[in-house]
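# Analysis of the macromolecular model
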There are 2 protein chains.
Amino acid sequence: MVTKQVNGAYDDADLRRADSLAREIFSDVANKWALLIIEAVGERTLRFTELRNAVEGISHKMLTQNLRMLERNGLLVRTVYPTVPPRVEYSLTEPGQALRKTVDVMCDWTQRHLGHIEAARHRFDA
Amino acid sequence: MVTKQVNGAYDDADLRRADSLAREIFSDVANKWALLIIEAVGERTLRFTELRNAVEGISHKMLTQNLRMLERNGLLVRTVYPTVPPRVEYSLTEPGQALRKTVDVMCDWTQRHLGHIEAARHRFDA
DNA sequence: CAGAATCCTCTTTGATACTG
DNA sequence: CAGTATCAAAGAGGATTCTG
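Residues numbered from 1 in each chain as written. Chains lettered and ligands numbered in written order. Predicted model: local features only at pLDDT ≥ 70, side-chain atom pairs only at ≥ 80, totals over all residues. Heavy atoms only, no water.

As annotated in an unreviewed UniProt entry, chain A carries the name Helix-turn-helix domain-containing protein and is attributed to Streptomyces narbonensis.

Per the stated rule, a full pass over the model turns up zero aromatic pairs over all chains. Taking the ring centre of B:Trp33 as reference, the NZ or CZ of B:Lys32 above it sits at 4.6 Å. (Phe/Tyr/Trp six-rings, centres within 6.5 Å; stacked < 30°, edge-to-face > 60°. Lys NZ or Arg CZ within 6 Å of the ring centre and 35° of its normal.)

On the side of chain B, 45 residues touch chain A, which itself brings 45 residues to the contact. A combined buried area of about 4,300 Å² lies between chain A and chain B, and 70% of that area is made up of carbon and sulfur atoms. Linking chain A with chain B are six salt bridges. Ionic pairing is found between B:Glu24 and A:Arg121, a salt bridge with its closest N-O pair at 2.6 Å. At the boundary of chain A with chain B, the tally comes to 14 residue pairs in polar contact (both at pLDDT 80 or more). Ranked by residues supplied to the side of chain A that touches chain B, first place goes to helix α5 (residues 94-112) of chain A with twelve residues. For the side of chain A that touches chain B, the per-class residue count stands at 23 nonpolar, nine polar and 13 charged. (Contact = heavy atoms within 4.5 Å. Buried area = accessible area lost by both parts, 1.4 Å probe. Salt bridge = Lys/Arg side-chain N within 4 Å of Asp/Glu carboxyl O. Polar contact = N/O pair within 3.5 Å; in protein donor to acceptor, adjacent residues only side chain to side chain. Helix = DSSP H or I, 4+ residues; strand = E, 2+ residues; numbered from the N terminus. Nonpolar A, V, L, I, M, F, W, Y, C, P; charged D, E, K, R; others polar.)

Around DNA strand D lies a shell of 16 residues, among which A:Ser59, A:Lys61, B:Phe48, B:Thr49 and B:Arg78 are the nearest. Between DNA strand D and A:Ser59, the relevant distance is 2.6 Å, taken from a phosphate oxygen to a side-chain nitrogen or oxygen of the residue. B:Phe48 is positioned with one of its backbone polar atoms (N or O) 3.5 Å from a phosphate oxygen of DNA strand D. Of all elements in the fold, only α4 (60-72) of chain A together with α3 (48-54), α4 (60-72) and β3 (87-92) of chain B reach the threshold of two or more residues within the surface near DNA strand D. With four residues, the top contributor of residues to the surface near DNA strand D is α4(B). Within the surface near DNA strand D, the residues separate by chemical class into seven nonpolar, four polar and five charged. (Near = heavy atom within 4 Å.)

Further remarks concern the environment of B:Gly57. Topologically, B:Gly57 is positioned in the loop between α3 and α4. Note: C-alpha distance between B:Gly57 and B:Trp33 (24 residues apart in sequence) is 9.7 Å.

In structure tokens, the structure reads:
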């Protein structure tokens, strides 16, 4: 936690810690699978298998790993129902929802620039 | 290019192509280094070495690779001045600028949720 | 069903050296 | 200065097996 000094300034060491924490979070979150999972969950509550089907091309292992990471960072919550067979549900927290909004914008951006990018690629590859 | 049929519907094959193109672009762009580079360039025009210093921790090789990829996708332009020694400048295109805006939002998000995330981590690790 | 653990493969990455 | 090439190390990722 970055704490303010009585004089109103931040402690240098705290600022550096906050900075490296920010970079760490950014590295966690700015990756394909994490963002696709967040996008897939959306406002719903999905089970592991549903998620596996929703995120095209993700493997069992990658899904588990990324779900743990997102849970650890408090972006989603994991609810286990102690039934047989087990039932586990995932849903976004408020910060997760907030991040999803920016992912939505990124998806929009992709769609809007599909043509431009395809053209640029052809030019470059020539 | 996705073309509309005379009946107003899209060709299935074209839709599939557009979809896989979108996934490809998303995979290119949704990675740590690409986003950090886009953020670093901003509205400025930077030389290779300036960029290397601006993006904390990136290696020579990763910078080159990602710059090529971003150029290929038309997100930035590379201008070579035929001097000795060579001078190469990078700046964002309009689509690159548009993407940068969403990266900005993502950075804001990170800053705003630093505390929540750090707390969540401590809870999880316990 | 969800997931942990293992093994194995392929890609990514960094360090280093070389070129125009 | 900017970029390419190469090699070794590290890490990501897939397939499979086992458990509660």
